[in-house]
Amino acid sequence: MPNDALYAFGHGLSYTTFGYSDVRVSRSSIPLAEANRADAKDLVSVSATVTNTGQRSGTEVVQLYLRNLGASVEQPVRSLQGFERVSLRPGESRRVTFTLGFPEIAFWNARSQEVVEPTHYTVWVGGSSRATAQASFDIAP
């Protein structure tokens, strides 16, 4: 028996369909000292191409999910860190870009301090929490 929600978080109904491709990160590695500044706002940009693959115009909520693997405290499998509403005509594509900084990649450690640790991050961009288009980056010591 599957143990899954009938509809994923962010799932929406539309009269058209959308496809996602070419997910990229602006940097594959970020130095820990740079990432651990609370005022760091533009550490890495994540971009993806969204295409209306259907026959009708439609609006899609493009969502960015993030996973931190290897942190000292267990992290969520996916956490929503950005979204943008995009309206597209049939066959039209648009590049959507999200910026991640300290507030988006930091977490609370066992000492109740908001920190960034040298770990591996995976990002997904799609129309729901089941997004499959992904890229990754590392925080280097």
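Report on the accompanying structure. Quick caveat: nothing in here was measured; it's all calculated off a predicted structure.

### Focus: the pattern of salt bridges
Then, number 1: With the rule as written, the count across this model stands at six salt bridges.
Then, number 2: Put simply, Arg95 and Asp22 hold a salt bridge, and the shortest N to O gap is 3.4 Å. Of the two residues, Arg95 is situated in strand 6 (residues 93-100) and Asp22 in strand 1 (residues 18-25); the sequence distance between them amounts to 73 residues.
Then, number 3: You can call Asp22 partly exposed: its relative accessible area is 38%.
Then, number 4: Residue Arg37 is joined to Asp39 by a salt bridge in which the shortest nitrogen-to-oxygen separation is 3.2 Å.
Then, number 5: Residue Asp39 is classed as exposed on the basis of its relative accessible area of 53%.
Then, number 6: Taken together, the shared-partner salt bridges in this structure form one network comprising Asp22, Arg24 and Arg95.

### Let's talk about the environment of Leu64
Then, number 1: Tracing the backbone shows Leu64 in strand 4 (residues 58-69).
Then, number 2: Counting along the chain gives 57 residues from Leu64 to Tyr7, while the straight-line C-alpha distance between them is 18 Å.
Then, number 3: Excluding residues within four positions of it along the chain, Leu64 makes contact with Val46, Ser79, Leu80, Gln81, Gly82, Phe98, Leu100, Val123, Trp124 and Val125.

### Topic: the sheet that holds strand 4
Then, number 1: Judged by pairing direction, the sheet is mixed, and its five strands sit side by side in the order 2-10-9-4-5 without closing on themselves. Of all the strands in the sheet, just strand 2 (29-31) and strand 5 (79-88) have a single pairing partner and so form its edges. In this sheet, adjacent strand axes meet at a mean angle of 20° when their direction is disregarded.
Then, number 2: As paired elements, strand 9 (residues 120-126) and strand 10 (residues 133-140) share six bridges and run antiparallel to each other. When the sheet's bridge partners are listed, His120 is paired in strand 10 with Asp138.

### Regarding the pairing of strand 4
Then, number 1: As judged from the nine bridges shared by strand 4 and strand 5, these two strands associate in the antiparallel manner. Paired with Val61 across the two strands is Arg85, which belongs to strand 5.
Then, number 2: With seven bridges joining them, strand 4 and strand 9 adopt antiparallel strand pairing. Residue Leu64 lies in a different strand from strand 9, and its bridge partner there is Val125.

How each quantity is defined
- Residues numbered from 1 in each chain as written.
- Predicted model: local features only at pLDDT ≥ 70, side-chain atom pairs only at ≥ 80, totals over all residues.
- Heavy atoms only, no water.
- Salt bridge = Lys/Arg side-chain N within 4 Å of Asp/Glu carboxyl O.
- Helix = DSSP H or I, 4+ residues; strand = E, 2+ residues; numbered from the N terminus.
- Buried < 20%, exposed > 50% of the residue type's maximum accessible area, 1.4 Å probe, protein only.
- Contact = heavy atoms within 4.5 Å.
- Pairing = 2+ DSSP bridges.
- Axes fitted to C-alpha atoms, helices over the stretch in contact; angles between N-to-C directions.

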